[in-house]
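Structural features, examined
One letter stands for each residue in the lines below.
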Amino acid sequence: MGMMTESRTPAQALKIPGEAGVWVFLFGDMVIFVVFFVAYLVDRAAAPGLFAQSSHELGLAVGVANTLILLSSSLLVVVGLGAVRRGAVPVATGAFRGAMACGVLFVVLKAFEYTQIASGATGTDLNPFFSWYFILTGVHLMHVLIGLGVLGLMVSRAQQSSDVTGKRLMVIESGACFWHLVDLLWMLIFPLLYLVA
Amino acid sequence: MKGQQAKAKPKTRLFALIESRVTIVWIVLMVLTIANPVLGIEAQLAGSTSVQLLGVAILTLAIVKVRLVGLDFMELRKAPVPMRLMFEAYCLILWVVLTACFLWL
């Protein structure tokens with residue numbers, strides 16, 4: 001069944017995933033985060049002991065769980081996009097909703113971690129490490145929340161018709177890339193905050 | 001409805017999914033995620049030179065993961081060459097900048 005759609009777009013044909021304009025934003029976002037990371041490492045160099053000690057106060061389990069959750073959500077988005085291309089609407093919407101559930105779980109765990117830190121031994125005494133922790137995870141959390149909206153949009157676009165082509169497919173592909181960006185950024189934030197600080 | 005037609009062969013689809021490259025990539029990423037904190041804990045126990053080496057190992061693994069997310073999840077492996085090169089360059093610069101800042105600042 002998949003062969004029919006395959007023949008229209010040969011596997012060898014190289015193509016931009018989603019809209020080119022969206023990629024300007026995605027690459028821009030990725031570069032901005034590199035600037036963030038460098039500034040974070042500069043501050044860390046000024047107080048390596050404090051950063052290491054504060055980092056140990058973060059629960060590793062929550063960080064690892066959130067990484068696994070985002071990776072799984074990304075796989076669901078890949079499965080969903082494949083289903084969209086095959087015209088399998090129920091599989092696509094199911095996979096995108098599954099990814100949304102993962103995203104919500106990520107937010108819940110993050111909120112749990114925030115309250116732990118706010119009520120923990122560190123108290124209100126916000127040291128440079130925790131300032132960076134809230135900046136990096138906060139900006140990332142904003143991406144997750146926007147991503148949840150994008151996934152919702154992808155569900156509604158996929159539901160409109162089983163023949164998803166042209167503009168509607170572009171929107172879904174671009175949305176998928178945005179969600180993967182959320183995953184990609186977390187792959188860097190997690191080790192920088194939880195592991196090498 | 002066409003959607004119901006597509007639902008007809010769930011088993012073959014499941015097998016195709018399991019065999020697909022993306023699923024293998026996902027398994028690799030999950031395993032690396034669990035391996036990464038193990039290195040982190042090692043780093044806490046090790047001497048200062050090993051801490052630096054393990055730190056570089058953790059950052060390198062992170063960028064390997066970033067690259068896999070880009071190439072296989074975002075489908076940049078199938079993107080036009082200039083776009084793919086831009087992403088590869090991003091990963092390389094990211095690795096150089098982060099490890100340099102980590103080691104020498």
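Residues numbered from 1 in each chain as written. Chains lettered and ligands numbered in written order. Predicted model: local features only at pLDDT ≥ 70, side-chain atom pairs only at ≥ 80, totals over all residues.

Looking at the overall build of chain A
What counts is decided by this rule: Helical segments are the DSSP runs of H or I of at least four residues, strand segments are the runs of E of at least two, and each set is numbered from the N terminus. Counting other C-beta atoms within 10 Å of a residue's C-beta gives its exposure: the residue is buried at 20 or more, exposed at 12 or fewer, and partly exposed in between, where C-beta atoms are placed from the backbone. Contact between residues is assigned whenever the C-beta positions, reconstructed from backbone atoms, fall within 7 Å.
Across its full length, chain A carries seven helices and zero strands. Listing each helix as α and each strand as β along chain A from the N terminus yields α-α-α-α-α-α-α. By principal-axis analysis of the C-alpha atoms, chain A measures approximately 60 × 30 × 20 Å. A buried classification covers 44% of the 197 residues belonging to chain A. Once local pairs closer than 6 in sequence are excluded, the contacts in chain A between residues at least 24 apart make up 83%.

Comments concerning the overall build of chain B
Scanning chain B from terminus to terminus reveals five helices and zero strands. Contacts spanning at least 24 positions in sequence make up 59% of the contacts within chain B whose residues lie at least 6 apart.

Some points on the nonpolar core
What counts, and what does not: We define a nonpolar core as a collection of buried residues of the types Ala, Val, Leu, Ile, Met, Phe, Trp, Tyr and Cys that are connected via C-beta atoms lying within 7 Å of each other.
With 79 residues, the main nonpolar core has Ala92(A), Phe96(A), Ala99(A), Leu188(A) and Leu193(A) as its most contacted residues. Per-element tally for this core: the top contributor is helix 7 (residues 166-195) of chain A, with 19 residues.

Here's the deal with the interface of chain B and chain A
With 38 residues of chain B at the contact, the number on the chain A side is 37 residues. Secondary structure elements with two or more residues in the side of chain B that touches chain A: helix 1 (2-6), helix 3 (21-45), helix 4 (48-73) and helix 5 (81-104) of chain B.

Looking at the environment of Phe96(A)
Residues and elements named next belong to chain A. The residue Phe-96 is located in helix 5 (residues 89-119) in this model. By C-beta crowding, Phe-96 is classed as buried, having 32 other C-beta atoms within 10 Å. Separated by 31 residues in the primary sequence, Phe-96 and Asn-127 have C-alpha atoms spaced 39 Å apart. Contacts of Phe-96, omitting those with residues within four sequence positions, involve Val-77, Gly-80, Leu-151, Met-154, Val-155 and Ala-158.

Topic: the packing of helix 6 (residues 128-160) of chain A against helix 7 of chain A
Two quantities define a packed helix pair, namely the angle between the helix axes and the distance between the axes. Residue and element names in this part refer to chain A. The condition that has to hold: Working convention: axes come from line fits to C-alpha atoms, limited for helices to the stretch in contact. Angles between N-to-C directions cover 0 to 180 degrees. To sort the angles, those under 35 degrees are grouped as roughly parallel, those over 145 as roughly antiparallel, those from 65 to 115 as roughly perpendicular, and the leftovers as oblique. Left-handed describes a crossing whose near helix is turned anticlockwise from the far helix through less than a right angle; right-handed describes the clockwise counterpart. Residue polarity follows a fixed list, in which Ala, Val, Leu, Ile, Met, Phe, Trp, Tyr, Cys and Pro are nonpolar, Asp, Glu, Lys and Arg are charged, and the others, Gly among them, are polar.
Direction vectors running N to C along helix 6 and helix 7 enclose 155 degrees, while the axes themselves pass 9 Å from each other. If you check the angle between helix 6 and helix 7, you find them roughly antiparallel. Seen along the crossing, helix 6 lies across helix 7 with a hand that is left-handed. Grouping the constituent residues of the contact of helix 6 with helix 7 by class yields 17 nonpolar, six polar and two charged.

A look at helix 2 (residues 20-46) of chain A
Our working rule: Here, expected helix span is obtained from the residue count minus one, scaled by 1.5 Å.
When the terminal C-alpha atoms of helix 2 of chain A are compared, their 40 Å separation across 27 residues agrees well with the 39 Å that a helix rising 1.5 Å per residue should span. Every buried residue of helix 2 of chain A is listed here: Trp23(A), Leu26(A), Phe33(A), Phe37(A), Tyr40(A), Leu41(A) and Arg44(A). On its buried side, helix 2 of chain A packs onto helix 3 (48-56), helix 6 and helix 7 of chain A together with helix 5 of chain B.

Thoughts on unusual backbone geometry
The backbone of Glu75(B) shows a phi angle near 65 degrees, a positive value even though the residue is not glycine. Checked against the element boundaries, Glu75(B) lands in the loop between helix 4 and helix 5.

Notes on the confidence of the model for chain A
All names here are of chain A. Condition: pLDDT measures the predictor's confidence residue by residue and takes values from 0 up to 100.
Overall, the prediction assigns chain A a mean pLDDT of 89, with 91% of residues at 70 or greater. At the level of individual helices and strands, chain A shows its lowest average pLDDT in helix 1 (residues 2-8), which scores 42, and its highest in helix 2, which scores 96. Within the model, the stretch residues 1-9 combines pLDDT values under 50 with four contacts to residues more than four positions away or in other chains.

Digging into the environment of Gln53(A)
Residue and element names in this part refer to chain A. Along the chain, the position of Gln-53 falls in helix 3. Judged by the 13 C-beta atoms lying within 10 Å of it, Gln-53 is partly exposed. Sequence separation of Gln-53 and Val-182 is 129 residues, and the distance between their C-alpha atoms is 27 Å.

Regarding helix 5 of chain B
An α-helix turns once every 3.6 residues. As a result, residues three or four positions apart point the same way. Over its 24 residues, helix 5 of chain B runs 34 Å from end to end, which matches the ideal 34 Å to within 8%, given 1.5 Å per residue. Buried residues of helix 5 of chain B: Phe87(B), Leu94(B) and Leu98(B), and no others.

So, the environment of Ala99(A)
All names here are of chain A. Along the chain, Ala-99 turns up in helix 5. In this structure the C-alpha to C-alpha distance between Ala-99 and Gly-152, which are 53 residues apart in sequence, comes to 10.0 Å. Those residues in contact with Ala-99 that sit more than four places away from it in its chain are Ser-73, Leu-76, Val-77, Gly-80, Leu-151 and Trp-179.

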